[in-house]
Amino acid sequence: MTTPTSTNNGFDLNQPTIISLCYLASFITGISGLVGIVLAHVWQGDNQESWAASHFTYLIRTFWIGFVASLIAGVLSIVLIGLLLLPLIAIWVGIRSVMSLIKAQKQEPMPDPETLLF
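Starting afresh in each chain, residues are numbered from 1 along the sequence in its written order. Per-residue local features of the predicted model are confined to residues with pLDDT of at least 70, and side-chain atom pairs are confined, for both listing and counting, to 80 or more; whole-chain, interface and lining totals are unaffected and use all residues. Hydrogens and water molecules were not included; the side-chain quantities draw on all heavy atoms of the structure.

## Structural notes on the packing of helix α1 (residues 15-29) against helix α4 (residues 81-105)
- Axis geometry follows a simple rule: fit a line to the C-alpha atoms, using only the stretch in contact for helices, then measure angles between N-to-C directions, giving values from 0 to 180 degrees. Secondary structure is summarised from DSSP: a helix means a run of H or I of at least four residues, a strand means a run of E of at least two, and numbering begins at the N terminus for each. Between α1 and α4, the least distance of the axes is 9 Å, while the angle of their chain directions is 155°. Put simply, α1 runs roughly antiparallel to α4. Crossing hand, α1 versus α4: left-handed. Within the contact between the two elements, α1 uses Pro16, Thr17, Ser20, Leu21, Tyr23, Leu24 and Phe27 and α4 uses Ala90, Val93, Gly94, Ser97, Val98, Ser100, Leu101, Ala104 and Gln105.
- When the residues that make up the contact of α1 with α4 are grouped by side-chain class, the tally is ten nonpolar, six polar and no charged. Each angle is binned into one of four classes, with values under 35 degrees roughly parallel, values over 145 roughly antiparallel, values of 65 to 115 roughly perpendicular, and all other values oblique. What makes a crossing left-handed is the near helix being turned counterclockwise from the far one by less than a right angle; a clockwise turn instead makes it right-handed. Only heavy atoms enter the contact rule, under which two residues are in contact if any of them lie within 4.5 Å. Gly is put with the polar residues, along with every residue not named as nonpolar or charged; the nonpolar set is Ala, Val, Leu, Ile, Met, Phe, Trp, Tyr, Cys and Pro, and the charged set is Asp, Glu, Lys and Arg.

## Some remarks on the pattern of salt bridges
- The term salt bridge refers to a pairing of a side-chain nitrogen on Lys or Arg with a carboxyl oxygen on Asp or Glu at a separation within 4 Å. A complete count under the given rule lists two salt bridges for this structure.
- Across the pair arginine 61 and glutamate 114 runs a salt bridge, and its minimum N-O distance is 3.6 Å. With arginine 61 in helix α3 (residues 50-76) and glutamate 114 in the segment after α4, this residue pair connects regions lying 53 residues apart in the sequence.
- Classification of residues uses two cut-offs on accessible area relative to the type maximum, computed with a 1.4 Å probe and protein chains only: under 20% is buried, over 50% is exposed, and between them is partly exposed. Looking at glutamate 114, the relative accessible area reads 48%, which means it is partly exposed.
- Put simply, lysine 103 and glutamate 108 hold a salt bridge, and the shortest N to O gap is 3.4 Å.
- Looking at lysine 103, the relative accessible area reads 22%, which means it is partly exposed.

This is the structure we're talking about:
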């Protein structure tokens, strides 16, 4: 008796994908990004897939850099420059989350998880 080979052509709900979706959902809910960062820190030590390790680094850096940048922009909104920075930070977090989501669906590592760019 042979077991059929699995060909998954659908949406792969792997750990980096879940974290990326939490980050993206935070644009609507406002809180799911916190769930994403907790999952990222918890799952980072558990993960067995070598390609996913770069995603955890990338996604954890995305959250913390975005968080600190948002705090700085919040303070700078007193002098109005922060009001310009907040949407740019949101776009930056969104693009990085989508980039990770796309690569995670292909189970490919992030090329440079330490980068500040995309």
